[in-house]
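# Examining the three-dimensional arrangement
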Amino acid sequence: MAGGNGKTVACTICHGTTLKGLGEVPGIAGRPATYIFRQLNDMKTGNRKGGWVELMKQVVEKLDDEDMIALSAYLGSQDP
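What this report covers is the structure whose coordinates are included nearby. (Residues numbered from 1 in each chain as written. Predicted model: local features only at pLDDT ≥ 70, side-chain atom pairs only at ≥ 80, totals over all residues. Heavy atoms only, no water.)

## Quick word on the nonpolar core
Judged by nonpolar contacts, the single largest core of 13 residues is most densely connected at L40, M56 and V60. Elements represented by at least two residues in this core include exactly α2 (33-45), α3 (51-60) and α4 (65-77). Element by element, the count of residues in this core is highest for α3, at 4 residues. The residues touching L40, leaving out its near neighbours within four places in the chain, are M56, V60, M68, L71 and S72. (Core = buried A, V, L, I, M, F, W, Y, C linked by side-chain atoms within 4.5 Å. Buried < 20%, exposed > 50% of the residue type's maximum accessible area, 1.4 Å probe, protein only. Helix = DSSP H or I, 4+ residues; strand = E, 2+ residues; numbered from the N terminus. Contact = heavy atoms within 4.5 Å.)

## Some details on the environment of L71
Following the sequence through the fold, L71 ends up in helix α4. Residue L71 is classed as partly exposed on the basis of its relative accessible area, which comes to 23%. For the pair L71 and F37, spaced 34 residues apart in sequence, the C-alpha separation works out to 7.9 Å.

## Thoughts on the environment of L55
Locating L55 in the fold gives a position in helix α3. For L55, a relative accessible area of 55% translates into the label exposed. Sequence spacing of L55 and C14 is 41 residues, and the spatial spacing of their C-alpha atoms is 9.8 Å.

By themselves, these are just geometric observations and shouldn't be taken as functional.
As structure tokens, then:
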């Protein structure tokens, strides 16, 4: 929620305080953990393309697999 002490940026900045989305930015709360991990990993490795992905590059660049698993599990545990 807070950006991991500078490792990344807080998800809430773009996805909203409840992580249910802001405007055109999609909600991420309650999504399946496997889906979230795959999306984060694909953005990090360049396997996912698109305008919004450009904004996420700095978010995912310093995350390792353990970070992405933890984020995915947390988001998956939230109410959609």
